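What follows is the residue order along each chain.
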Amino acid sequence: MGKISLIKEDITKVHADAIVNAANSTLLGGGGVDGAIHRAAGPGLLRECKRIGGCPTSEARITGGYNLPAKFVIHTVGPAWRGRAGDEDREDALLAGCYRNSLALAYENGVRTIAFPSISTGAYRFPVERASKIAVKEIREFLEAHPKMEKVIIVCFGDEVFRAYEEALK
Ligand code: AR6
């Protein structure tokens, strides 16, 4: 699948039509990739996020990219992994929705190249092997259904995350 690429990079440096933010439901910033995106984008991003007024888990919202190289930021809210037996299917479905909803919203706004971080696998503790399989499945299905989408870049921070996605792409 030549349209998916895997890189080790800081997502705020990536040149794509849109980058995806692993946000929380307030959309008011936080740590991890969310903090990095807000720092790099500058205060205009937070002002726009405040106007949006939040986002439920698994949904996505779009803003400008401000000082980022990307034109848009797609903010999505991943599920926090609880590790409780019986919750896994629900959490898998919520994470799958993050990828599907982000891709659909981006596409509707003319985005043809998009970069994703590894949603939910940092502060939200979703197991990365499991998350990477869900991400790759959703991205592949979207690309098959939308031939005009040109490129999806999976941006990994760290070797463990990179290896998990490499395995999921095989
Ligand atoms: N570029 C690419 N990936 C990054 C970057 C970066 N600059 N910084 C971190 N990562 P996390 P979550 C990776 O915790 O698990 C925030 O406080 C990181 O190594 O950013 O969805 C939000 O406000 C990990 O692999 O997001 C929420 O409250 C991946 O990005 C909460 O954390 C996701 O880790 C969301 O937690």
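This is a predicted model, so every value here is computed, not measured. (Residues numbered from 1 in each chain as written. Predicted model: local features only at pLDDT ≥ 70, side-chain atom pairs only at ≥ 80, totals over all residues. Heavy atoms only, no water.)

### Comments concerning unusual backbone geometry
Defined as follows: Only DSSP runs of H or I with at least four residues qualify as helices, and only runs of E with at least two residues qualify as strands; both kinds are numbered from the N terminus onward. Only protein chains enter the accessibility calculation, which uses a 1.4 Å probe. A residue is then buried if its area is under 20% of the maximum for its type, exposed if over 50%, and partly exposed in between.
Phi at Y66 takes a positive value of approximately 50°, unusual for a residue other than glycine. Looking at the secondary structure, you find Y66 in the loop between strand 3 (60–64) and strand 4 (72–77). Although it is not a glycine, R125 adopts a positive phi angle of roughly 60°. Tracing the backbone through its elements, the reader meets R125 in the loop between strand 5 (113–116) and helix 4 (128–145). By relative accessible area, R125 is classed as exposed at 64%.

### Describing the environment of K50
Along the chain, the position of K50 falls in helix 2 (residues 43–52). Expressed as a C-alpha distance, the spacing of K50 and L6, which sit 44 residues apart in the sequence, is 32 Å.

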